[in-house]
Structure formats: structure tokens, C-alpha cells
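What follows is each chain in one-letter form.
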Amino acid sequence: FAAIVSSAFLRPLVRFFGRPFVQVHHVASIAGLVAMMVHPLALAWNNGTLSVFIPRFDSLRVFLTLAGRVVWPLVTIAALAAWLRKPIGKNWRVVHYLNYIAFWLVTAHAILIGSSFQSTLMRIVAIVLALVTVTLLIWKRLPKPKRRTG
């Protein structure tokens, strides 16, 4: 969430942290990636199986409940697109938008199965965060008014 939000506020973040945007964005991104990697690895270790990484498409409900399984490859592809942005060219951002889809899928996963998301308050927080990302995605794509210079 922090990585997605940071991309909407480039200039304020640069001013606040005094560092290039990419450095700030990457700190948030790497922290999120590490947390995202630890969760399924711990689950696989505890269950003694790698099946926790295999997506299931039995039904929409099963798919969304176990959506974390799809998020890993989506985020990996999105991260690779950013890493390979020069060879890919200007369209790397289109692939990088997979992060939004991954966030929405992992939100559904958390709400449906996450033990930390069983309270109404946590579910509301998750839904609000998902709605914020939708709003930011739309807002970033809207044409900006041209600034008049003098």
C-alpha cells in the first residue's frame, strides 16, 4: 500500500525525505516484498508443503480466498518490469500496474481468510485501503490541467 501511495505523491515525498523518489519508493516496495515473501514461506514451512504456492481456480470464491497464491507471480512480474524499465521502454508502467491488481487480490485474500482480518474494523480498514488505491489509480490517469507559465 505504501509503495502504491508513494507513486501518487512524487514531489511531496522528494521534498519531505530529501531523496530521489525512486529511493523512497524502493524502501517501501522492498519492505512490502519482504513481508509478502515471509508469510507464504512460513505457511509452507508450517504445513510442510509447497502446495500453498499453487493457484486454485475451483470457483471465484476459492480463487479469491487463496488469491495470495496468484499475487506472488504478479508482483514478481511487476517488479521485473520496473527493474527492466530501460530495455522494456515506456510501456514498463503498464506491466507495473499489476501491483494494483495484486493489492486488490491480496485484500480479498486477507478479508476472506486472514486471521488478523476477522474483526469488522480490520475489514473496513482493508476495504478503505483498496478503495484508496482505486482512487489513486484513476486520479493518476486523469488528464492534468496545464500549468500556465507566466
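Reading guide: rules and limits
- Residues numbered from 1 in each chain as written.
- Predicted model: local features only at pLDDT ≥ 70, side-chain atom pairs only at ≥ 80, totals over all residues.
- Heavy atoms only, no water.
- Helix = DSSP H or I, 4+ residues; strand = E, 2+ residues; numbered from the N terminus.
- Contact = heavy atoms within 4.5 Å.
- Areas by Shrake-Rupley, 256 points an atom, 1.4 Å probe, with all protein chains shown as cover.
- Patch = residues over 30% accessible without salt bridge, like charges linked within 9 Å, V, L, I, M, F, W, Y side chains within 5 Å.
- Salt bridge = Lys/Arg side-chain N within 4 Å of Asp/Glu carboxyl O.
- Core = buried A, V, L, I, M, F, W, Y, C linked by side-chain atoms within 4.5 Å.
- Buried < 20%, exposed > 50% of the residue type's maximum accessible area, 1.4 Å probe, protein only.
- Axes fitted to C-alpha atoms, helices over the stretch in contact; angles between N-to-C directions.
- Parallel < 35°, antiparallel > 145°, perpendicular 65-115°, else oblique.
- Left-handed = near helix turned anticlockwise from the far one by under 90°.
- Nonpolar A, V, L, I, M, F, W, Y, C, P; charged D, E, K, R; others polar.

> Explain the overall build of the protein chain to me, please; I cannot follow it from the model alone.
Scanning the protein chain for helices and strands turns up nine helices and zero strands. For the protein chain, the sequential pattern of α-helices and β-strands runs α-α-α-α-α-α-α-α-α. Considering only residue pairs separated by 6 or more positions, the protein chain has 52% of its internal contacts joining residues 24 or more positions apart. Of the roughly 10500 Å² of accessible surface on the protein chain, 71% is carried by carbon and sulfur atoms.

> Could you clarify how one ought to interpret a nonpolar patch on the surface in this entry?
A cluster of nonpolar side chains, contributed by Phe 9, Val 134, Ile 138, Trp 139 and Leu 142, occupies part of the molecular surface with about 440 Å² of accessible area. Following the sequence through the fold, Trp 139 ends up in helix α9 (residues 120–141).

> Please explain the environment of Val 95 as it appears in this structure.
Note on placement: Val 95 falls in helix α7 (residues 92–96). With twelve residues separating them along the chain, Val 95 and Thr 107 place their C-alpha atoms 20 Å apart.

> Explain the nonpolar core to me, please; I cannot follow it from the model alone.
Side chains that are nonpolar tend, in soluble globular proteins, to be buried together. Met 36, Phe 63, Ala 67, Val 70, Val 71, Leu 74, Val 75, Ala 102 and Leu 105 together form the largest nonpolar core, which totals nine residues. Every element with two or more residues in this core is listed here: α5 (68–83) and α8 (98–113). A per-element tally of this core places α5 first, with four residues. When residues no more than four places from it in sequence are discounted, the contact partners of Ala 102 are Val 71, Leu 74 and Val 75.

> I would appreciate a short explanation of the packing of α8 against α9 in the present structure.
The geometry of a pair of packed helices is captured by two quantities: the angle between their axes and the separation between those axes. Axis separation between α8 and α9 bottoms out at 10 Å; the angle between their running directions is 165°. It follows that α8 is roughly antiparallel to α9 by the angle criterion. Both α8 and α9 take part in a crossing whose hand is left-handed. Listed contacts from α9 to Tyr 100, Phe 103, Trp 104, Thr 107 and Ile 111 of α8 are Arg 123, Ala 126, Ile 127, Leu 129, Ala 130, Thr 133, Val 134, Leu 137 and Lys 140. Looking at side-chain class alone, the contact of α8 with α9 contains ten nonpolar, two polar and two charged residues.

> Looking at this model, I keep getting lost on the pattern of salt bridges. Mind explaining?
Should the charged atoms of two oppositely charged side chains come close, the side chains can pair. What the rule picks out here adds up to one salt bridge. Asp 58 is the partner of Arg 56 in a salt bridge, and the nearest nitrogen-oxygen pair spans 2.7 Å. A residue is classified by how much of its surface remains accessible, and Arg 56, at 35% relative accessible area, is partly exposed. Classification of Asp 58 by relative accessible area gives exposed; the value is 53%.

Coordinates in, geometry out; function isn't part of it.
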